Amino acid sequence: MSNGQWYPPEWPDRIRALASGDLVPAAPRRAATVMLLRDTVDGPVVHMLRRRASMAFAGGAYAYPGGGVDDRDSRPIGWAGPSLAEWAACLGVDEASAQAIVCAAVRETFEEAGVLLAGTTEDTVVSDTTDDTWEADRQALVLRELSFADFLDRRGLVVRSDLLGGWARWITPEFEPRRYDTWFFVAALPAGQRTRNASTEADRTVWIRPADAADQYDRGELLMMPPTIATLRALAPHATSADALTAARHQDLTPVLATARMVGGELLLSWPGHEEFTKNIPIGGPR
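First, a word on what this report is: a plain description of the structure on this page.

Conventions adopted
- Residues numbered from 1 in each chain as written.
- Predicted model: local features only at pLDDT ≥ 70, side-chain atom pairs only at ≥ 80, totals over all residues.
- Heavy atoms only, no water.
- Core = buried A, V, L, I, M, F, W, Y, C linked by side-chain atoms within 4.5 Å.
- Buried < 20%, exposed > 50% of the residue type's maximum accessible area, 1.4 Å probe, protein only.
- Helix = DSSP H or I, 4+ residues; strand = E, 2+ residues; numbered from the N terminus.
- Contact = heavy atoms within 4.5 Å.
- Phe/Tyr/Trp six-rings, centres within 6.5 Å; stacked < 30°, edge-to-face > 60°.
- Lys NZ or Arg CZ within 6 Å of the ring centre and 35° of its normal.
- Pairing = 2+ DSSP bridges.

Turning our attention to the nonpolar core. In terms of nonpolar packing, the biggest core is built from 40 residues, with Leu-91, Leu-116, Phe-148, Phe-151, Leu-164 and Phe-185 touching the most fellow members. Looking at this core element by element, the count peaks at nine residues for helix α3 (residues 95-113). Beyond its immediate sequence surroundings of up to four residues, Leu-116 is in contact with Val-106, Phe-110, Val-125, Val-126, Thr-129, Trp-134, Phe-148, Phe-151, Leu-157, Pro-190 and Gln-193. Grouped together as the second largest cluster of nonpolar side chains are 37 residues, Val-46, Met-224, Val-256 and Trp-271 included.

All told, the structure shown has eight aromatic pairs when counted by the stated rule. Between Phe-148 and Phe-151, the aromatic rings sit 5.9 Å apart at their centres with planes inclined by 25°, giving stacked as the arrangement. With Phe-148 and Phe-151 both in helix α5 (residues 148-155) and three residues apart, the pair spans about one turn of that helix. Residues Phe-148 and Phe-151 agree in their burial class; the two are buried. Seen in terms of ring centroids, Trp-271 and Phe-277 are 5.9 Å apart; in terms of plane orientation they differ by 75°. Their pairing is edge-to-face. The class for Trp-271 is buried, based on a relative accessible area of 4%. Residue Phe-277 is classed as buried on the basis of its relative accessible area, which comes to 0%. Members of the aromatic cluster, each reached through a chain of ring pairs, are Phe-110, Trp-134, Phe-148 and Phe-151. Note that Arg-155 overlies the ring of Trp-134, its terminal NZ or CZ placed 3.7 Å from the centroid.

Across the sheet, three strands lie side by side as β5-β7-β6; this open sheet has mixed pairing. A strand with exactly one partner marks an edge of an open sheet, and here the two such strands are β5 (78-80) and β6 (118-119). The pairing of β6 with strand β7 (residues 158-160) spans two bridges and is classified as antiparallel. Bridge pairing links Gly-119 to Val-158 in β7.

Take it as geometry only, folks, not as evidence of what the structure does.
Written as structure tokens, this is what we have:
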């Protein structure tokens, strides 16, 4: 492997099964992930976590805080920022789905990084989420003992959707057994808050410049899935978190879905618009 692209050994067999009609694609589950940024004198750094090697999906790969949408994420809540109609147009879904996706992004960032993009008013953000009562609520959210709507109501909080910017949308390839339709967001770390490794799925977290992370991927030092390295490369040119959030207004959120087909006796795996991930897979397995 010349770079750090995550490439499971079972992919060739699954791709062949899909091509022959022996594999029925699983329905993708909606998910959200957040590229949390913090400004430094050397430019913005992004918060990343390394998935435990024991994880069935992308073990050892670096990713961002995120996870699946909870059905309860569409319940009525306090809301600040762009309207649900605006978010629906941005994300390419209906208004109820837009709320659920944005709420999943905010909830998962709190669950996995301890950072909460919410405030008591439409122009404030909580400044500290580290005491025992916050931790108890975080754990209850993780265990799904507490809905995000009830959590916000109990705390008297509104979701600050204006602190998020939609960045990309990737759908797990049809030949994967676990599939996700994932929206990527960008956000700046709120003043006074700090990240921590709150995820049971991660064994390490880092703050790293997107360009540095991409360089380490290119050298094969950091393992990543295609959506992660693609979004890092897109973040790298921006000099500040504010610049990235401004750029989010113009991002293309057309879903990216890998395709696989037979070409000259080999399987050709490609992600439209992202040629660096194209792979030719011989019948005998990956090169």
